[in-house]
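Notes for the structure review
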Amino acid sequence: MRKKIVAGNWKMNTSVTKGIELAAAVADKSKETANVLLIVAPPFTHLTKVGEQLKGSAVALSAQNCATETSGAYTGEVAASMIADTGATYCILGHSERREYYGETSETLNKKLAQCFASKLSPIFCVGEKLDERESNRHFEIVKAQLQSTVFNLSDEEFDQTIIAYEPVWAIGTGKTAMPEQAQEMHAFIRKTLAEKFGTKADNISILYGGSCNPSNAKALFSNPDVDGGLIGGASLKVDDFLAIAKSF
Ligand code: PEP
């Protein structure tokens, strides 16, 4: 179901105590943005406590990653079922930092997608091109290939549960945001590409923009017909900024 969504990717930030405080503040102020689904994605270590804090609120909980395997001798990994046990219902997958620093490939991500669905976690699946790929005019081709090698393998039912995040790598944490026209152009392209495989179901999927989104640029980005919200990094760590972004629709 296509929804307006603002999701906060806290990355490797906040102590558990600060994370609980931030979640409490988001939950408290979430009543002001009832038309928008708010999601917070703290580090693994915070999920249980943050989940307890969010109980009774409309704010949903997400992990930032999950293991490719179900259980067993995988030191340092966290299974999707363990994430679901904390009360989380979403999991970010395919973030460019995971692709770049931890070598995640489409093969890895297909396993992670399967793990998420087996544990009833909805993926927030990230795609996006690097700067040189945009400068050489290959951005559509790159994003299409990322989708074809992963999301295209989903069943219709799995696809219905999925959120897509378009995050141009050159805009993540750099202060450089895609122009609203660039975001709309790519979001429309993503929807059209998904329609080639999933037909009219692509109309119902939420496609979020991510990359230096902040209270000053969110309105222009979110006013585009194919931009259904944002995946927010830096600005999600400040409750007022995060909520101001959610009020930008
Ligand atoms: C992100 O990492 O998902 C992101 C969008 O980061 P930032 O908002 O800080 O660019």
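To start, this report covers the structure provided alongside it.

Bringing the nonpolar core into the picture now. In summary, soluble globular proteins display a tendency toward joint burial of nonpolar side chains. Ranked by size, the top nonpolar core spans 62 residues in total, and within it I164, I190 and L194 carry the most contacts. Of all the elements, helix α9 (residues 180-198) adds the most residues to this core, at six residues. Setting aside anything within four residues of it in sequence, one finds I190 in contact with V127, V143, L147, I164, Y166 and I207.

So, on to the environment of S15. Looking at the element boundaries, S15 is found in the loop between β1 (5-9) and α1 (16-29). When its relative accessible area of 39% is taken as the criterion, S15 is described as partly exposed. With 28 residues separating them in the primary sequence, S15 and P43 have C-alpha atoms 9.3 Å apart. A polar atom in the side chain of S15 sits 3.0 Å from the backbone nitrogen of K18.

Below, the discussion takes up the sheet that holds strand β5 (residues 122-127). One closed barrel accounts for eight strands, arranged β1-β2-β3-β4-β5-β6-β7-β8; its pairing is parallel. Averaged over all pairs of adjacent strands, the angle between strand axes in this sheet comes to 25°, irrespective of strand direction. In the sheet, β5 pairs with strand β6 (residues 163-166) via four bridges, with the strands oriented parallel. The residue bridging F125 from the neighbouring strand is I164, located in β6. Along the sheet, helix α2 (residues 47-54) makes contact with β2 (37-41) and β3 (60-63), crossing β3 at roughly 170°. Against the sheet, helix α5 (residues 106-118) touches β4 (90-93) and β5, its axis set at about 175° to β4.

Let us now look at the side chain of S122. Mapped onto the elements, S122 comes out in strand β5. By relative accessible area, S122 is classed as buried at 11%. Contact partners of S122, with chain neighbours within four places excluded, come to T89, Y90, C91 and Q161.

Conventions and cut-offs
- Residues numbered from 1 in each chain as written.
- Predicted model: local features only at pLDDT ≥ 70, side-chain atom pairs only at ≥ 80, totals over all residues.
- Heavy atoms only, no water.
- Core = buried A, V, L, I, M, F, W, Y, C linked by side-chain atoms within 4.5 Å.
- Buried < 20%, exposed > 50% of the residue type's maximum accessible area, 1.4 Å probe, protein only.
- Helix = DSSP H or I, 4+ residues; strand = E, 2+ residues; numbered from the N terminus.
- Contact = heavy atoms within 4.5 Å.
- Polar contact = N/O pair within 3.5 Å; in protein donor to acceptor, adjacent residues only side chain to side chain.
- Pairing = 2+ DSSP bridges.
- Axes fitted to C-alpha atoms, helices over the stretch in contact; angles between N-to-C directions.

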